[in-house]
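As a plain string of letters, each chain reads:
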Amino acid sequence: MRVKLRNIRWEAEGINSYILEPLPGEKLPAFTAGAHIDLQLAPGLARSYSLVNDPAIHSYYEIAVHHTIDSRGGSRHIHEKWRVGEILEISEPKNNFPLEESASHTVLIGGGIGITPMLSMISRLEALGRSWELHYVAAVPERAAYVDRVENFPQAQIVFDGIPGGQRLDLRTICDAAPADAHLYCCGPSGMLDAFVAVNAARPKGHAHIEYFSADTEVAADGGYTLELTKSGKTIMVEEGETMLDALLGAGVDIGFACAEGVCGTCQVKVLEGIPDHRDHFLTDEEKAANTSIMVCCSGSKTPTLVLDI
Ligand code: FES
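Quick caveat: nothing in here was measured; it's all calculated off a predicted structure.

**A short note on helix H1 (residues 74-81)**
Thinking step 1. Of the positions making up H1, those classed as buried are Gly-74, Ser-75, His-77, Ile-78 and His-79.
Thinking step 2. Looking at the buried side of H1, the elements it contacts are strand S2 (15-22), strand S3 (36-42), strand S4 (45-50) and strand S5 (61-66).

**A few points about the layout of surface pockets**
Thinking step 1. In this structure, the second largest pocket encloses a volume near 920 Å³.
Thinking step 2. Forming the boundary of the second largest pocket are 28 residues, of which Val-197, Ala-208, His-209, Ile-210 and Thr-284 lie nearest the centre.
Thinking step 3. Elements with a contribution of two residues or more to the lining of the second largest pocket: helix H5 (190-199), strand S11 (208-212) and helix H7 (285-290).
Thinking step 4. Here the lining of the second largest pocket takes five residues from S11, the largest share from any one element.
Thinking step 5. When residues are assigned to domains, the lining of the second largest pocket turns out to be shared by domain 2 (106-212) and domain 3 (225-308), each giving three or more.

**Focus on the nonpolar core**
Thinking step 1. Counting 28 residues, the largest nonpolar core has Leu-108, Met-118, Met-121, Leu-134 and Tyr-136 as the members making the most contacts within it.
Thinking step 2. The set of elements that each furnish at least two residues to this core consists of helix H2 (116-128), strand S8 (132-138), helix H3 (147-150), strand S9 (156-160) and strand S10 (183-188).
Thinking step 3. Ranked by residue count, the leading element in this core is H2, at five residues.
Thinking step 4. Counting the residues that make up this core, at least three belong to each of domain 1 (2-90) and domain 2 (106-212).
Thinking step 5. Residues in contact with Tyr-136, not counting those within four places in the same chain, are Gly-110, Gly-112, Ile-115, Ala-144, Ala-145, Val-147, Val-150, Gln-157, Ile-158 and Val-159.
Thinking step 6. Counting residues in each nonpolar core, the second largest holds 23 residues, with Leu-227, Ile-255, Val-296 and Leu-306 among its members.

Calculation notes
Residues numbered from 1 in each chain as written. Predicted model: local features only at pLDDT ≥ 70, side-chain atom pairs only at ≥ 80, totals over all residues. Heavy atoms only, no water. Buried < 20%, exposed > 50% of the residue type's maximum accessible area, 1.4 Å probe, protein only. Helix = DSSP H or I, 4+ residues; strand = E, 2+ residues; numbered from the N terminus. Contact = heavy atoms within 4.5 Å. 1 Å grid on protein atoms, 1.4 Å probe; cavity = no way out; pocket = protein on both sides within 12 Å on 5 of 7 lines; lining within 4 Å. Points joined across faces, edges and corners; volume = space filled by probe spheres on them. Domains from an automatic or database assignment. Core = buried A, V, L, I, M, F, W, Y, C linked by side-chain atoms within 4.5 Å.

Right, dumping it as structure tokens:
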């Protein structure tokens, strides 16, 4: 779908927010707290960003983009090329990080730009009158976006771990203090997510939720296997040095993708035969063990042939 870029706002050092509005006569689909949209930035360049605004607002979408020095092109493209008034191509909202709205208590933990999905969740939890707490960690105040939106909530803790005498976020203490039936959410750098998963290992299944905004994914590019596509009838060899996604696109297979590093879920494909070499951060351990689907942007094959339902 197409939207118009209505406003760009500086939020913090290296972080801008962008307001996207519908074209005249059109409406934006509703979204739920924790949802994201995919942006098609250029051919072969797509990225996913959390929706920041209150889900009750239907007149615009707000996203925030952190321009990192080592950007693989997505955030640099947005910061350098986007101009107010231009028409952009986006997906409808998708939600891989949904809020359990009936939870007795909700713990939100955001690291850096990982604060973004927490903001729509806070709006929703406030609207529902639910019990929640937020722990937001950033390196320094200058690089912390949206502090003004959360600092007035007494249940929000904001920590700067990169300043002299700064605090560290004590994940274990925070998570251990949460009631047994609480739902906990974490979005931030992969090291933080790994620590969050470890400290919540004993919680009931489905109560500790994570969302990667970027990952240190080791993409499978060894090649040396064949893809058999049942719907299109194609047989494609994945060569050494290319990913499965490269091979599919090179063979003219129209496949959707966004993050290209196994975090957004856009490129998921059903596996009919063969054993994938899962490299993504999207599928659960159970889904990976079942070997019935694969994220083709980053994963490979452990068997000489993979049969895919595309
Ligand atoms: S494109 Fe995002 S998981 Fe593959």
